[in-house]
Amino acid sequence: MSETINPEPRTLRAPFFVRGELVEGDAVRHTSRDLGADFVTPALDLDKVITPRSELPPLLDVKLSEIIEFLVETGDALDLDRNPYMQECLDLLAATNPLPRRVVENLYRTAPHLLTRESLESMVKANFANPEALDGWVTRVDKLGNRGHLRAFPPRMVHMLAGNAPAGSIASIAQGAVVKAINLFKMPSSDPFTTVAVLRTMADIDRTHPVVQSMSAIYWEGGDEAVERTIYRPQFFDRIVAWGGGPAIMNVIKYLGPGIQLISFDPKSSISMIGREVFESDDTVADVAERVAADTTIFNQEACLASRFVFIEGERDQVEGFCAALAERLAVDRPFASAVAPPLPTDTRDEIEVMAAMDDVKIWGSFDGRGLVILSEDRPVDFHPTNKTSNVVLVPSLENAVRYVNVATQTIGIYPWHRKTELRDRLASAGGQRVCRVGTANMHVPGGPHDAMYALQRFVHWMGDDDIESEAALVTGDSHWTT
């Protein structure tokens, strides 16, 4: 009788990409943060990934229009049905990323839309009053005839990419390209594959293109001082663009100093605010519960813009009916969420069960990842709802709920729509960063700000050149621009 031998597990290989060249190897073994899978990478050669300041940025004299043309061509080439690199990533991410394969596939199919001409041009126009400053020096003249020249000079940037949204690197690559930066992408352990796949696609189009020559993607374990105390220096980089959790951001902060700036897309939490108008009819309750569920389950609630708290006006019995309807809709399979997410951590489950036993909260749904609704009165729970969990908070008024908004509140979905206008100034004053119609948290008007800023303005190195011809020169505020 033959003995059954279990095959050796597949070795996950995560190559690097350095300015047009694929770097392969298995010198270093790492472990993914979320699923604990091992993957191997080449040894990191810092001399190759750091561009000396004596070398001008490859994109310096490339017209923005040419960069956009190349990005549009890349977007077309990222078609999942035709792109072998992205297809391979789908299989690899099953071992390192908590999102289901189907959700990742949908992300891969939609993310290249960021590389359409309309999207790219909207992003540039929204960020720059005069986009010609990206292509060269523009001139302003004051009433005394003094001339000031200005250029949005290409920065040198480290991008700490987020791991909760595979294909998010496509947006970072586009941003780095349009500001003509020298870019070093630090890939996350939950997705050390996608960025390289995108850059390999670019290299297949034209390996020598200045966009490709401006891009490198590598991995090191966050907090590795041997790497970070070398890379995070102003003689090498101007900006650190960080997408990540609190510990990752705090780790970067210790390296900051004169000449190197942090642009942080730090951890955020999003909410929904529902007025008593929702109870005008059963159909309205059903519709709004569906919309809140859609906002709550984005990337199985991994995304910053996924709703975690629902502040709602109404009578207790009405709100309990809404909670029941919401719990049912949380269990639905969606393009960017699965019907069953990973179950809640044991410690969170234990805390909720104790609260329910003490009548502090009432719950609907289940702890198995199909969705859970927790009803509390007047104040939210103390923990951070995850894994398709919604804390519905009964409040006397939505104005009362504003006190729970702060600088970590990113997206606020509101029903009915007209109450957005009533609340948005107070929400902004409290620190909130975006309001939208409930149910549209994952939809955006092109060219809008992100995390309360137009980031590309902060990416570039603004360089001035002043020609002072009059000793009476004053900053008058009525200069005009020429090109």
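Bear in mind the structure is a predicted one, so any value in this text is a computation, not a measurement.

K.L.:
Got a minute to help me understand the overall build of the chain in this structure?
P.N.:
When its secondary structure is counted, the chain shows 16 helices and 21 strands. Here the C-alpha radius of gyration of the chain, 25 Å, is about what a compact globule of 483 residues would show, namely 23 Å. For the chain, with 483 residues in total, the buried portion stands at 51%. Nonlocal contacts in the chain, meaning residues at least 24 apart in sequence, comprise 72% of its contacts between residues at least 6 apart. Counting every atom, the chain has about 21,800 Å² of accessible surface; 50% of that belongs to carbon and sulfur. Treating the 47 positive side-chain charges of the chain as one cloud and the 68 negative ones as another, the clouds have centres 2 Å apart.

K.L.:
Can you help me understand the sheet that holds strand β19 (residues 434–437) in this one?
P.N.:
Sheet strands associate in pairs through backbone hydrogen bonding, adopting either a parallel or an antiparallel arrangement. Spatially, the 7 strands line up as an open sheet ordered β15-β16-β17-β14-β13-β18-β19, and their pairing is mixed. Only two strands of the sheet have a single neighbouring strand rather than two, namely β15 (362–365) and β19. This sheet shows a mean twist of 20° between the axes of neighbouring strands, independent of strand direction. The strands touched by helix α12 (residues 316–330) are β14 (307–312), β15, β16 (372–377) and β17 (389–394); relative to β16, the strand with the most contacts, the crossing angle is about 160°.

K.L.:
When you look at a nonpolar patch on the surface in this model, what are you seeing that I'm missing?
P.N.:
Residues Met250, Ile253 and Leu256 make up a contiguous nonpolar surface patch of about 260 Å² in total accessible area. On the secondary structure map, Met250 appears in helix α10 (residues 246–253).

K.L.:
Help me understand helix α3 (residues 84–96), please; the structure alone is not making it clear to me.
P.N.:
The periodicity of an α-helix, 3.6 residues per turn, causes residues three or four places apart in sequence to face the same way. Helix length check: α3, at 13 residues, gives a terminal C-alpha distance of 19 Å against a target of 18 Å (1.5 Å per residue), a fit within 8%. Where α3 bends most, at Leu90, the angle is about 25°. Among the residues of α3, Tyr85, Met86, Cys89, Leu90, Leu92, Leu93 and Thr96 are the ones counted as buried. Of the surrounding elements, those touching the buried residues of α3 are β1 (12–13), α4 (101–110) and α7 (194–206). For α3, the N-terminal cap is Asn83; the gap from its side-chain oxygen to the backbone nitrogen of Tyr85 is 3.0 Å.

K.L.:
Where do I start with the sheet that holds strand β10 (residues 215–218) in this structure?
P.N.:
Spatially, the 7 strands line up as an open sheet ordered β3-β2-β10-β9-β8-β11-β12, and their pairing is mixed. Two strands bound the open sheet, and with one partner strand each, they are β3 (21–23) and β12 (261–265). Neighbour to neighbour, the strand axes of the sheet diverge by 20° on average, direction disregarded. Sheet topology note: the strand β8 (residues 156–160)/strand β11 (residues 239–243) ladder contains 4 bridges and is parallel. If you follow Met160 over to β11, its bridge partner there is Ala242. Those strands touched by helix α6 (residues 169–178) are β8, β9 (182–186), β10 and β11, and its axis lies near 160° from that of β9.

K.L.:
Help me understand the pattern of salt bridges, please; the structure alone is not making it clear to me.
P.N.:
A side chain of one charge can pair with a side chain of the opposite charge when the charged atoms of the two come close. Counted by the stated rule, this structure contains 26 salt bridges. One salt bridge in this structure joins Arg329 and Glu290, with 2.8 Å as the shortest N-O distance. Taken together, the residues span a long stretch of sequence, with Arg329 in helix α12 and Glu290 in helix α11 (residues 282–296) at a distance of 39 residues. Owing to a relative accessible area of 24%, Glu290 belongs among the partly exposed residues under this scheme. Of the charged contacts in the structure, one is a salt bridge between Arg419 and Glu313, with a shortest N-O distance of 2.9 Å. One end of the pair, Arg419, is in helix α15 (residues 418–430); the other, Glu313, is in the loop between β14 and α12, with 106 residues separating them in the sequence. For the pair Arg419 and Glu313, a shared accessibility class is recorded, and that class is buried.

K.L.:
Help me understand the packing of helix α2 (residues 64–77) against helix α5 (residues 117–127) in this model?
P.N.:
Each pair of packed helices can be described by the angle between their axes along with the distance between the axes. Axis separation between α2 and α5 bottoms out at 9 Å; the angle between their running directions is 140°. Comparing the axis directions of α2 and α5 gives the class oblique. Our pair here, α2 against α5, has a crossing hand that is right-handed. Side by side, α2 and α5 meet where Leu64, Ile68, Glu69, Leu71 and Val72 of the first sit next to Arg117, Leu120, Glu121 and Val124 of the second. Taken together, the residues of the contact of α2 with α5 sort by class into 6 nonpolar, no polar and 3 charged.

K.L.:
Mind showing me how you'd approach the packing of aromatic side chains here?
P.N.:
The final tally for this structure, using the stated rule, is 8 aromatic pairs. Between the aromatic rings of Trp243 and Phe265, the centroid separation amounts to 4.0 Å while the plane-to-plane angle is 15°, which identifies the pairing as stacked. In this pair, Trp243 sits in strand β11 while Phe265 sits in strand β12, placing the two residues 22 residues apart along the sequence. Note on Trp243: relative accessible area 23%, which makes it partly exposed. Since its relative accessible area comes to 4%, Phe265 is described here as buried. Among the aromatic residues, those joined into a ring-pair cluster are Trp220, Tyr232 and Tyr255. Positioned above the aromatic ring of Trp220, the side-chain terminus of Lys186 is 5.7 Å from the ring centre.

K.L.:
What is the right way to read the pairing of β19 from this model?
P.N.:
On a regular strand, each side chain points to the face opposite its neighbour's, so the side chains alternate between the two faces of the sheet. The sheet contact formed by strand β18 (residues 409–415) and β19 spans 4 bridges and is parallel. When the bridges of β19 are listed, Ile414 appears paired with Arg437. Following the backbone out of β18, through α15 and into the adjacent parallel β19, one traces a crossover that is right-handed.

Reading guide: rules and limits
Residues numbered from 1 in each chain as written. Predicted model: local features only at pLDDT ≥ 70, side-chain atom pairs only at ≥ 80, totals over all residues. Heavy atoms only, no water. Helix = DSSP H or I, 4+ residues; strand = E, 2+ residues; numbered from the N terminus. Rg over C-alpha atoms; globule rule 2.2 N^0.38 Å. Buried < 20%, exposed > 50% of the residue type's maximum accessible area, 1.4 Å probe, protein only. Contact = heavy atoms within 4.5 Å. Areas by Shrake-Rupley, 256 points an atom, 1.4 Å probe, with all protein chains shown as cover. Lys, Arg positive; Asp, Glu negative; His and termini not counted. Charge placed at Lys NZ, Arg CZ, Asp CG, Glu CD. Pairing = 2+ DSSP bridges. Axes fitted to C-alpha atoms, helices over the stretch in contact; angles between N-to-C directions. Patch = residues over 30% accessible without salt bridge, like charges linked within 9 Å, V, L, I, M, F, W, Y side chains within 5 Å. Salt bridge = Lys/Arg side-chain N within 4 Å of Asp/Glu carboxyl O. Expected span 1.5 Å × (residues − 1). Bend = angle between axes of the 7 residues up to and from the residue. Polar contact = N/O pair within 3.5 Å; in protein donor to acceptor, adjacent residues only side chain to side chain. Parallel < 35°, antiparallel > 145°, perpendicular 65-115°, else oblique. Left-handed = near helix turned anticlockwise from the far one by under 90°. Nonpolar A, V, L, I, M, F, W, Y, C, P; charged D, E, K, R; others polar. Phe/Tyr/Trp six-rings, centres within 6.5 Å; stacked < 30°, edge-to-face > 60°. Lys NZ or Arg CZ within 6 Å of the ring centre and 35° of its normal. Right-handed = clockwise from strand over helix to strand, strands pointing away.

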